[in-house]
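# Geometric and topological summary
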Amino acid sequence: AIDLLLSALEQHSEDSALRALLIQSFDLFLEEEIRRGQKDIEKDPKNKDAYYSVASALELLGDNFRASEVIIKGISYNPKSSQLWMKVAKLELKASRKQEALDVFKEIIRIDSKNADAYNNAAHLLVELYNNKKDLDEAELFAKKAHKLDPKNVQYMDTLAEV
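Let me begin by describing the structure that accompanies this report. (Residues numbered from 1 in each chain as written. Predicted model: local features only at pLDDT ≥ 70, side-chain atom pairs only at ≥ 80, totals over all residues. Heavy atoms only, no water.)

To continue, consider helix α7 (residues 116–128). Under the 1.5 Å per step criterion, the end-to-end length of α7 is 18 Å for 13 residues, consistent within 8% with the ideal 18 Å. Looking at the buried positions of α7, the neighbouring elements they touch are α5 (82–94), α6 (98–111), α8 (133–149) and α9 (154–162). (Helix = DSSP H or I, 4+ residues; strand = E, 2+ residues; numbered from the N terminus. Expected span 1.5 Å × (residues − 1). Contact = heavy atoms within 4.5 Å.)

If you want it as structure tokens, here you go:
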């Protein structure tokens, strides 16, 4: 249904009824995704994909608080899931809590030393939150590690250049 509505909207981009119907259909899809994920969590409280799916749907619906609650519950069952920790960090960034996000990225690095994205994000935040030379030294270390883990990633190269 969503694909049909998107196709129709391409042809009739000014149609507000089509736009409203698309939004309503997408909301229903997200609500169904939440229900499905919650059932999966009830069956298996360690199902990290279900927590991630529910939290992502809640985030798209604009309920970042509930998304955070779901992710934190998922982490309580899966404390070493870098995927769930990464979602926490992204929600912290979205809420403009940069220091908290940095702390989460450092936790991800602690539990997953091969997570180039966590290294890169931590380096970027250290530059943004720069307080002293120690921050820049740590940012450089993280940026170099991200680049070493994924040398072709242009975002990592950009962060390294920024540092």
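And the narrative resumes.
Counting 39 residues, the largest nonpolar core has Phe105, Ile108 and Phe142 as its most contacted members. When contributions to this core are tallied by element, the ones reaching two or more residues are α2 (16–43), α3 (48–60), α4 (64–77), α5, α6, α7 and α8. Apart from the residues within four sequence positions on either side, Phe105 is in contact with Met86, Ala89, Leu93, Ala118, Asn121, Ala122 and Leu125. (Core = buried A, V, L, I, M, F, W, Y, C linked by side-chain atoms within 4.5 Å. Buried < 20%, exposed > 50% of the residue type's maximum accessible area, 1.4 Å probe, protein only.)

Moving on, we get to the packing of aromatic side chains. Taken as a whole and assessed by the stated rule, the structure comprises 3 aromatic pairs. An angle of 25° between the planes, with centres 6.2 Å apart, marks the rings of Phe26 and Phe29 as stacked. Within this pair, Phe26 and its partner Phe29 are both found in helix α2, separated by 3 residues, close to a single helical turn. Assessed through its relative accessible area of 40%, Phe29 is described here as partly exposed. (Phe/Tyr/Trp six-rings, centres within 6.5 Å; stacked < 30°, edge-to-face > 60°.)

The N-to-C vectors of α3 and α5 enclose an angle of 15°; their axes lie 10 Å apart at closest approach. As judged from the angle between their axes, α3 and α5 are roughly parallel. Of the two possible hands of crossing, α3 and α5 adopt the one that is left-handed. In contact with Lys48, Asp49, Tyr51, Tyr52, Ala55, Ser56 and Glu59 of α3, α5 contributes Gln83, Leu84, Lys87, Leu91 and Lys94. In the contact of α3 with α5, the residues fall into 5 nonpolar, 2 polar and 5 charged. (Axes fitted to C-alpha atoms, helices over the stretch in contact; angles between N-to-C directions. Parallel < 35°, antiparallel > 145°, perpendicular 65-115°, else oblique. Left-handed = near helix turned anticlockwise from the far one by under 90°. Nonpolar A, V, L, I, M, F, W, Y, C, P; charged D, E, K, R; others polar.)

Moving on, we come to the packing of α7 against α8. For the pair α7 and α8, the least separation of the axes is 8 Å and the interaxial angle reads 155°. Relative to α8, the element α7 is oriented roughly antiparallel. Classified by chirality, the crossing of α8 by α7 is left-handed. In this structure, α7 uses Ala116, Tyr119, Asn120, Ala122, Ala123, Leu126 and Val127 to contact α8, whose residues at the interface are Asp135, Leu136, Glu138, Ala139, Phe142, Ala143, Lys145, Ala146 and Leu149.

Considering the arrangement of structural elements, one finds Leu91 in helix α5. The class of Leu91 is buried, set by a relative accessible area of 6%. Once you skip the residues sitting within four places of it in the chain, Leu91 turns out to touch Glu59, Asn64, Ala67 and Ser68.

In this section: the pattern of salt bridges. A full pass over the atoms with the stated rule returns 12 salt bridges. The closest approach of N and O atoms between Lys98 and Glu128, which form a salt bridge, is 2.5 Å. With Lys98 in helix α6 and Glu128 in helix α7, this pair connects stretches of sequence that are 30 residues apart. In this structure, the salt-bridge partner of Asp137 is Lys133, at a minimum N-O distance of 2.9 Å. With Asp137 and Lys133 both in helix α8, this residue pair falls 4 residues apart, about one helical turn. With a relative accessible area of 57%, Lys133 lands in the exposed category. What you see here is one network of salt bridges that share partners, running through Glu59, Lys87 and Lys94. (Salt bridge = Lys/Arg side-chain N within 4 Å of Asp/Glu carboxyl O.)

Turning our attention to the environment of Val104. Along the chain, Val104 turns up in helix α6. For Val104, a relative accessible area of 10% puts it in the buried group. Between the C-alpha atom of Val104 and that of Pro45, which follows or precedes it by 59 residues, the distance is 22 Å. Setting aside its immediate chain neighbours within four residues, Val104 contacts Trp85, Val88 and Ala89.

On their own, these measurements won't tell you what the molecule is for.
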